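Architecture at a glance
Each chain, written out:
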Protein chains: 2
Amino acid sequence: WWRAVRGVLLDISGVLYDSGGDGGGTPIAGSAEAVRRIKAAGLKLRFCTNETQATREEFVKKLQGLGFDISVAEVTAPAPAACRILKERGLRPHLLVHNDLVPEFAELDKANPNCVVIGDAAENFTYANLNEAFRVLIGMEKPVLISLGRGRYYKETDGLKLDVGAYMKALEYACDVEAEVVGKPAKPFFESALAEMGVPPEQAVMIGDDIVNDVGGAQQCGMRAVQVRTGKYRPCDENHPHVKPDAYVNDLAEAVDILLQQL
Amino acid sequence: WWRAVRGVLLDISGVLYDSGGDGGGTPIAGSAEAVRRIKAAGLKLRFCTNETQATREEFVKKLQGLGFDISVAEVTAPAPAACRILKERGLRPHLLVHNDLVPEFAELDKANPNCVVIGDAAENFTYANLNEAFRVLIGMEKPVLISLGRGRYYKETDGLKLDVGAYMKALEYACDVEAEVVGKPAKPFFESALAEMGVPPEQAVMIGDDIVNDVGGAQQCGMRAVQVRTGKYRPCDENHPHVKPDAYVNDLAEAVDILLQQL
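Residues numbered from 1 in each chain as written. Chains lettered and ligands numbered in written order. Predicted model: local features only at pLDDT ≥ 70, side-chain atom pairs only at ≥ 80, totals over all residues. Heavy atoms only, no water.

Under an unreviewed UniProt entry, chain A has the name Phospholysine phosphohistidine inorganic pyrophosphate phosphatase and belongs to Amazona guildingii. Recorded under Function (unreviewed entry), the UniProt text for chain A is reproduced unchanged: "Phosphatase that hydrolyzes imidodiphosphate, 3-phosphohistidine and 6-phospholysine. Has broad substrate specificity and can also hydrolyze inorganic diphosphate, but with lower efficiency." For the record of chain A, the UniProt heading Cofactor (unreviewed entry) holds the text "Mg(2+)". (UniProt positions renumbered as here; feature names shortened; annotations may be inferred.)

Have a look at this one:
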């Protein structure tokens, strides 16, 4: 199947670099070169991330500083996707997100909120902020909770951290509602990335470190998906009860080696 | 069925008094007198609470200060029940609980933990503490999570607060485990309260304000259960899809009026 590939979707954290809790990070060996080789081969490329700790502008700048050939226009991320949904439905969000993500929602009316948007708020996941988001939700006749991803946890250089999905579950349980998830593994999110590349799913491959959100999500859209053994990869992922990648590779560089040999 | 009653189980918060976020509280009119009347009538009495923001000694003292005839020996609470389980199974807990509950676990070895115990930690539900409890759990070959209750939320004088159940769900999701719940509505918890009274379930009545944890839990043990219209009671409880109390009363005083008339 590798020969059919015309478009590549890349997860960012854990595939291009390992992020640090301080906002910094370390490139994964060979990844910056791998991105350049994909582009040089004339393949379509799209970065598909659940990053919600910063605006796209900010983290693209960080990645450029780490040596990656990447621009804001090449990135599919949950916050802009959520903004489109909020505008379409006339929703006014109460935000429980990272301070650095707030500018993505600048254009929206946030007075008298009629929904809650939760992202990876990190240090903003305080007891007070969680109670406040809960009170906004429980005060609605029909609570609307929009979550920028459903990840369980992720790894930073100072250790594992609970991801937005855990806090989403807490609010879901407390209010007896189901969140609407924007971002991986939601199907519309992958589909918009494919549309932006102009490549049908059977000619696309997702390369990621998350067995459920990257691999499982992409496969559900009819794409091939490869898991890297970097980032949050754990050996027990290879025994996952529901999801089986189309291939494993040690890192992005190896995936690109295989891909370019087949072309 | 009221005539068969020989033993009474009383929930505390929302039945005897309304708690304040500051550790204080206000007695519910007629409740202190109602407790004395139950005892004077020669009925067995047991207080059955999911309170995990303080040791039993502390909150019994507070209740005595509010005019209630109550002693530590009459209280069934989750922390001592959890301690028994931990000892039986040789478990060494990592505690994510309220500071004031920590002394209940004083006798247990807490070095090199092999389980996590979560209670209503309130202000201790910080981002750092949640990440720490998560890391302890995910580091175990088979994570063991013990939760002192599964409440969704509760009301304090300064507003609604997320209860332990919401944070339990967050950790369950992140670690893909199911918590073992100690406290209401767990069957063994009600059964130990019945055993302490020496009364079979068909001769006992639970009086509480929580439709699921008090009423539903007690009924599942074969007891009768009455919901008071005080505390967290909401009119929509009367349309609960699964749980129907054996009776509604306006408050504890009214329940005791009915009970004593039947004897």
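1. Looking at the overall build of chain A
What chain A contains, in helices and strands, is eight helices and 14 strands. Taken over the C-alpha trace, chain A has a radius of gyration of 18 Å; the compact-globule value for 263 residues is 18 Å, and the two agree within 12%. If one aligns the C-alpha atoms of chain A with their principal axes, the spans along those axes are about 55 × 40 × 35 Å. If you take every contact in chain A between residues at least 6 apart in sequence, the share linking residues at least 24 apart comes to 64%. Only carbon and sulfur atoms are counted for the fraction: they give 47% of the accessible area of chain A, which is about 10800 Å². (Helix = DSSP H or I, 4+ residues; strand = E, 2+ residues; numbered from the N terminus. Rg over C-alpha atoms; globule rule 2.2 N^0.38 Å. Contact = heavy atoms within 4.5 Å. Areas by Shrake-Rupley, 256 points an atom, 1.4 Å probe, with all protein chains shown as cover.)

2. Some remarks on the sheet that holds strand 8 (residues 145-148) of chain B
Strand pairing in a sheet relies on backbone hydrogen bonds, with the paired strands running either antiparallel or parallel. Residue and element names in this part refer to chain B. If you walk across this open sheet you meet the four strands as 6-7-8-11, and the pairing is parallel. Edge strands, defined here as strands with exactly one partner in the open sheet, are strand 6 (93-96) and strand 11 (180-182). Along the sheet, successive strands turn relative to each other by an average axial angle of 25°, direction set aside. Here strand 7 (residues 115-118) pairs with strand 8 via three bridges, running parallel. Bridged to Val116 within strand 8 is Leu145. In this fold helix 4 (residues 127-138) packs onto strand 6, strand 7 and strand 8, with an angle of close to 160° to the strand it touches most, strand 6. Against the sheet, helix 5 (residues 164-175) touches strand 7, strand 8 and strand 11, its axis set at about 170° to strand 8. (Pairing = 2+ DSSP bridges. Axes fitted to C-alpha atoms, helices over the stretch in contact; angles between N-to-C directions.)

3. A few points about the pairing of strand 1 (residues 7-10) of chain A
For a regular strand, the rule is simple: side chains alternate between the two faces of the sheet. Residues and elements named next belong to chain A. Judged by which residues are buried, strand 1 turns out to be covered on both faces: Gly7 and Leu9 on one side and Val8 and Leu10 on the other are all buried. Across four bridges, the pairing between strand 1 and strand 12 (residues 204-208) is parallel. Considered in strand 12, the bridge of Leu10 is made with Ile207. Of the strand pairs in this sheet, strand 1 and strand 4 (residues 44-48) are connected by four bridges, and their pairing is parallel. Within strand 4, the residue paired with Val8 across the bridge is Leu45. (Buried < 20%, exposed > 50% of the residue type's maximum accessible area, 1.4 Å probe, protein only.)

4. Remarks on the relation of the copies chain B and chain A
Once turned by 178° and shifted 0.2 Å along the axis, chain B lies on chain A with an RMSD of 0.3 Å. Taken together, the rotation and translation relating the two chain copies correspond to the operation of a two-fold axis. A share of 100% of interface residues in chain B that are also interface residues in chain A marks the association as one of identical surfaces. (Least-squares fit on C-alpha atoms with pLDDT ≥ 70 in both.)

5. Points about the packing of aromatic side chains
For the structure shown, the criterion picks out eight aromatic pairs over all chains. Plain terms: the ring middles of Phe125 of chain A and Tyr167 of chain A are 3.7 Å apart, the flat faces sit at 10° to each other, and that makes the pair stacked. Of this pair, Phe125 of chain A sits in the loop between strand 7 (115-118) and helix 4 (127-138) while Tyr167 of chain A sits in helix 5 (residues 164-175); the two residues are 42 residues apart in sequence, bridging distant segments of the chain. Judged on exposure class, the residue Phe125 of chain A and its partner Tyr167 of chain A are both buried. With 5.2 Å between their ring centres and 45° between their planes, Phe134 of chain A and Tyr153 of chain B make a pair best called tilted. Of this pair, Phe134 of chain A sits in helix 4 while Tyr153 of chain B sits in strand 9 (residues 153-156), on two different chains. Classification of Tyr153 of chain B by relative accessible area gives buried; the value is 17%. (Phe/Tyr/Trp six-rings, centres within 6.5 Å; stacked < 30°, edge-to-face > 60°.)

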